[in-house]
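Chain and residue survey
Here is what each chain is made of, one letter per residue.
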There are 2 protein chains.
Amino acid sequence: MTPLQPPPAEPGMLLGDVDTPALILDLDAFETNLDFVDRMLGNSGVRLRPHAKTHKCAVIAHIQIERGAVGQCVQKVSEAEALVWGGVRDVLVSNEIVGAQKLARLAALGHIATIGVCVDSHSQVDALQTAAGQAGVTINVLVEINAGGNRCGVSPGADAVQVARHIAGSPNLVFDGLQAYHGSAQHLRTPAERQQAIAHATDCARQTVTMLRPEGIECRTIAGAGTGSFQNELQSGVFNELQLGSYIFMDADYARNLDESGEPAAQFQQSLFVLSTVMSVPRPGTAVVDAGHKALPVDSGLPLIWNRPGITYIDASDEHGKLECAREASALAEGEKLLLVPGHCDPTVDRYDWYVCTRKGRVEGLWPIAARGAMR
Amino acid sequence: MTPLQPPPAEPGMLLGDVDTPALILDLDAFETNLDFVDRMLGNSGVRLRPHAKTHKCAVIAHIQIERGAVGQCVQKVSEAEALVWGGVRDVLVSNEIVGAQKLARLAALGHIATIGVCVDSHSQVDALQTAAGQAGVTINVLVEINAGGNRCGVSPGADAVQVARHIAGSPNLVFDGLQAYHGSAQHLRTPAERQQAIAHATDCARQTVTMLRPEGIECRTIAGAGTGSFQNELQSGVFNELQLGSYIFMDADYARNLDESGEPAAQFQQSLFVLSTVMSVPRPGTAVVDAGHKALPVDSGLPLIWNRPGITYIDASDEHGKLECAREASALAEGEKLLLVPGHCDPTVDRYDWYVCTRKGRVEGLWPIAARGAMR
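These numbers come from a predicted model, not from an experiment.

The next thing to look at is the overall build of chain A. Assigned secondary structure in chain A consists of 10 helices and 17 strands. A globule of 376 residues ought to have a C-alpha radius of gyration of about 21 Å, and chain A, at 22 Å, matches this closely. Carbon and sulfur atoms form 52% of the exposed surface of chain A, whose accessible area is close to 13,200 Å². With 30 positive and 42 negative side-chain charges, chain A shows a separation of 2 Å between the mean positions of the two kinds.

With that settled, consider the interface of chain B and chain A. Each partner contributes to the interface: chain B provides 71 residues, whereas chain A provides 71 residues. Both faces combined, the contact of chain B with chain A buries some 6,000 Å², and carbon together with sulfur accounts for 48% of it. At the junction of chain B and chain A, the tally comes to 16 salt bridges. Note that Asp19(B) is salt-bridged to Arg376(A), the shortest N-O span being 3.1 Å. Here chain B and chain A share 47 residue pairs in polar contact (both at pLDDT 80 or more) between them. Among the secondary structure elements, those contributing two or more residues to the side of chain B that touches chain A are α4 (77–85), β4 (90–96), α5 (100–109), α6 (122–135), β10 (272–280) and α10 (345–349) of chain B. Sort the elements by how many residues they give to the side of chain B that touches chain A and β10(B) lands first, with four residues.

Within the element layout of this structure, Asn95(A) appears in strand β4 (residues 90–96). Its relative accessible area of 3% is what places Asn95(A) among the buried residues. Here the side chain of Asn95(A) touches His320(B) through a polar contact of 2.8 Å, side chain to side chain. Residues contacting Asn95(A), with those up to four places away along its chain left out, are Gln75(A), Val117(A), Cys118(A), Met279(B) and His320(B).

This paragraph deals with the pairing of strand β13 (residues 311–316) of chain B. Sheet faces and side chains relate simply in a regular strand, where the side chains alternate between the two faces. Residues and elements named next belong to chain B. Summarising the sheet, β13 and strand β14 (residues 321–325) pair through five bridges and their orientation is antiparallel. Across the sheet, Ile 311 pairs through a bridge with Cys 325, a residue of β14. Here β13 folds back onto β14, and the loop between the two strands holds four residues.

Once that is clear, we can look at the packing of helix α6 (residues 122–135) of chain A against helix α7 (residues 158–168) of chain A. Residue and element names in this part refer to chain A. Two numbers describe how α6 lies on α7: the axes approach to 10 Å, and their chain directions differ by 15°. As far as their axial angle goes, α7 and α6 are roughly parallel. Like other packed secondary-structure pairs, α6 and α7 cross with a definite hand, here right-handed. Contacts between α6 and α7 involve His 122, Val 125 and Asp 126 on the former and, on the latter, Gln 162, Val 163, His 166 and Ile 167. Split into classes, the residues belonging to the contact of α6 with α7 amount to three nonpolar, three polar and one charged.

Okay, the state of the cysteines next. Scanning all chains against the criterion turns up zero disulfides over all chains. Among the cysteines around Cys345(B), which has no disulfide bond, Cys57(B) carries the closest sulfur, lying 14 Å off.

Residue and element names in this part refer to chain A. The full count for this structure, using the stated rule, is 12 aromatic pairs over all chains. Summarising the aromatic geometry, the rings of Phe 30 and Trp 367 are spaced 6.1 Å apart at their centres and angled 65° between planes, so their arrangement reads as edge-to-face. Within this pair, whereas Phe 30 is found in helix α1 (residues 27–41), its partner Trp 367 is found in strand β17 (residues 362–368), the two being separated by 337 residues in sequence. Both residues of the pair, Phe 30 and Trp 367, count as buried. Taken together, the aromatic side chains of Phe 36, Phe 230, Tyr 247 and Phe 268 make up a single cluster linked through ring pairs.

Once that is clear, we can look at the environment of Gln64(A). All names here are of chain A. Topologically, Gln 64 is positioned in helix α3 (residues 58–66). C-alpha of Gln 64 to C-alpha of Leu 34: the two residues are 30 residues apart in sequence and 7.7 Å apart in space. Apart from residues no more than four positions distant in its own chain, Gln 64 is found in contact with Leu 34, Pro 50, His 55, Ala 69, Gln 72, Tyr 247 and Ile 248.

Another aspect to go through is the sheet that holds strand β9 (residues 241–242) of chain B. Residues and elements named next belong to chain B. The parallel open sheet is built from eight strands, whose spatial order is β2-β9-β8-β7-β6-β5-β4-β3. The open sheet has two free edges, formed respectively by β2 (47–48) and β3 (72–74), since each of these has just one partner strand. Most of the contacts of α6 go to strand β5 (residues 114–119), to which it runs at about 160°, and overall it touches β4, β5, β6 (139–144) and β7 (173–179).

This part takes up the relation of the copies chain B and chain A. Copy one and copy two of the chain differ by a rotation about a common axis and a shift along it. Mapping chain B onto chain A leaves a residual RMSD of 0.0 Å; the transformation is a rotation of 180° accompanied by 0.0 Å of translation along its axis. Both copies are brought into coincidence by an operation consistent with a two-fold rotation axis. Measuring from the rotation axis to each C-alpha of chain B, the shortest distance belongs to Asp299(B), at 3.2 Å.

Residues and elements named next belong to chain B. For helix α7 (residues 158–168), the set of buried residues is Ala 160, Val 161, Val 163, Ala 164 and Ile 167. Taken end-on, α7 shows its buried residues confined to a sector of 165°, consistent with a single buried face. Buried positions along α7 lie against β5, α6, β6, β7 and α8 (191–212).

About the thresholds
- Residues numbered from 1 in each chain as written.
- Chains lettered and ligands numbered in written order.
- Predicted model: local features only at pLDDT ≥ 70, side-chain atom pairs only at ≥ 80, totals over all residues.
- Heavy atoms only, no water.
- Helix = DSSP H or I, 4+ residues; strand = E, 2+ residues; numbered from the N terminus.
- Rg over C-alpha atoms; globule rule 2.2 N^0.38 Å.
- Areas by Shrake-Rupley, 256 points an atom, 1.4 Å probe, with all protein chains shown as cover.
- Lys, Arg positive; Asp, Glu negative; His and termini not counted.
- Charge placed at Lys NZ, Arg CZ, Asp CG, Glu CD.
- Contact = heavy atoms within 4.5 Å.
- Buried area = accessible area lost by both parts, 1.4 Å probe.
- Salt bridge = Lys/Arg side-chain N within 4 Å of Asp/Glu carboxyl O.
- Polar contact = N/O pair within 3.5 Å; in protein donor to acceptor, adjacent residues only side chain to side chain.
- Buried < 20%, exposed > 50% of the residue type's maximum accessible area, 1.4 Å probe, protein only.
- Pairing = 2+ DSSP bridges.
- Axes fitted to C-alpha atoms, helices over the stretch in contact; angles between N-to-C directions.
- Parallel < 35°, antiparallel > 145°, perpendicular 65-115°, else oblique.
- Left-handed = near helix turned anticlockwise from the far one by under 90°.
- Nonpolar A, V, L, I, M, F, W, Y, C, P; charged D, E, K, R; others polar.
- Disulfide = S-S within 2.5 Å.
- Phe/Tyr/Trp six-rings, centres within 6.5 Å; stacked < 30°, edge-to-face > 60°.
- Least-squares fit on C-alpha atoms with pLDDT ≥ 70 in both.
- Arc of directions from axis to C-beta.

Here is the structure:
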């Protein structure tokens, strides 16, 4: 049978002794990022429900909840299971769930936790009511509206109102509000572009809330936002629950977002790395590390090399990363270990069974990535 | 703690009842692919050592060995462990292994299996001798030469001869021959390009063999080849061990390789799929499936839709795949299940814990992907 991969480190070890490739979490940077969002939210009254599709780890969920988060978001029922089984008591699946097997598993969680889910069609409401009714539980439901991302979501306004009414009339469902997430807005590079996109999402949500009110249907929750845009949703006066995920880790792609002055926004610190080993120095100016795209998914671009000027990761194959070394860079030696900044944190985390948590260059602990591979 | 993801199916189930996303292996197509390579090798005397970095599964390894393969290739020590612990008795790590922890684990396997590994430097030979000596085992060693791929590998000729001599003089190491794999040649689109690249690799190997002979150093093994180019290595008169991996599965990228007439080469059948569910049909002409780039890595391009004309997978986000539906295509319904052809088989397999093996639309069995996530 298939065992887990054993952890690549032990507590107390020096970072340089960790076997590779390993997923490293710098706890000081991680906590600085948590502090920053706590400070931004302050006493705004806007709730934080961080997205666990980024971290997939009950340990991190509990740290966020301890600091005041109301619960967690996930995308998949199997992620919800991993968190609830790990003691998280309030989970929103910020996504549509289709299929009787999945709905039965989701409803089962309703016996031991507060469960929410999104819908964007009437047939989903019917199927959800059937599953919740059969399990004898109550599920909170958000109507996902298309807030400009053009992925899932009903049209804001009349269509959304009809679905909300359908939910409100379903005995085992509670209409909780609107999901108005605009995913692609997170990666628009300038603050003006992000602001414009979220202004549109806000209008979509506001319009729908306004149309629901005469029906006697109140929105307890207007949810959305991500790491790239959350200050806009925070200041919108409409959104009251934010679903940031990547802010705890950051990645090479988010680092390309700019601030007002055209400089990298740099609100958050890079806390997530993949430690790799130089496995070959075959020719001058070239080296190969033991972390390719199986270790560092490249959907949002190649990884960056951390704190090693003149060294560039130029090509990823399955198990190899090819490095180019500028003439002025100090030479790489076989066996040298390098920290890489993932191109995209979410799919990178999902490749590992363990966080190797370090502080000031020493391993403080190992945290299991309980929802690793939880795609269903 | 972190359990495995449970299997998404049970034996006997209809394919349409399998939960999604799920990795599907069509056994008829898989066996047709195995038959094809067996027929090509015929009585050529050229050995087959299939690459398990593709399948990561001891069950598949044993099927290949039962048909005459001499053993398996892997890229990582943890992959070798998964196979040896699963009963495979002859494993070559077709790669350099650097670091004392990994070398100790590799040498430990030498007590219970025949183990080979590649080197491309003198320091690697020294470290390998130390590990093998401490464990009291003998390890077979191939010198990897740069056969044109410009990734790892010493220069062919004099440099390679020096490393071979170093191995031959190491008491716990056996010089076994040359690794002359040309990875990027597999994906050159025309037969002429592939033939030219492998002719170069063959020259590199032949030159080195010729220079080793006066030293009294014989090459038992000249290894290389992959699914895209193997007929060239087979006919080279120099290579005697082929390391094909993807031939058992195929993927959307390999399907872009052409034959002499400029048509898709189509030597192999597509046997590997990801089953997905339409989770939202939010607007006419659009649908969203529950398999994004966490389920289908996009390093070699987007997945294709199988047997559903007019439907195109146009964008992958973490957990969503956006589909475009041509006007003439029959409409997609919420809950409909679609088979997707992965862009790249190797990293896709590595996302799953189980193969759901089907024959004529029914689940015949579940095979664990024992080396899933085995990156170290």
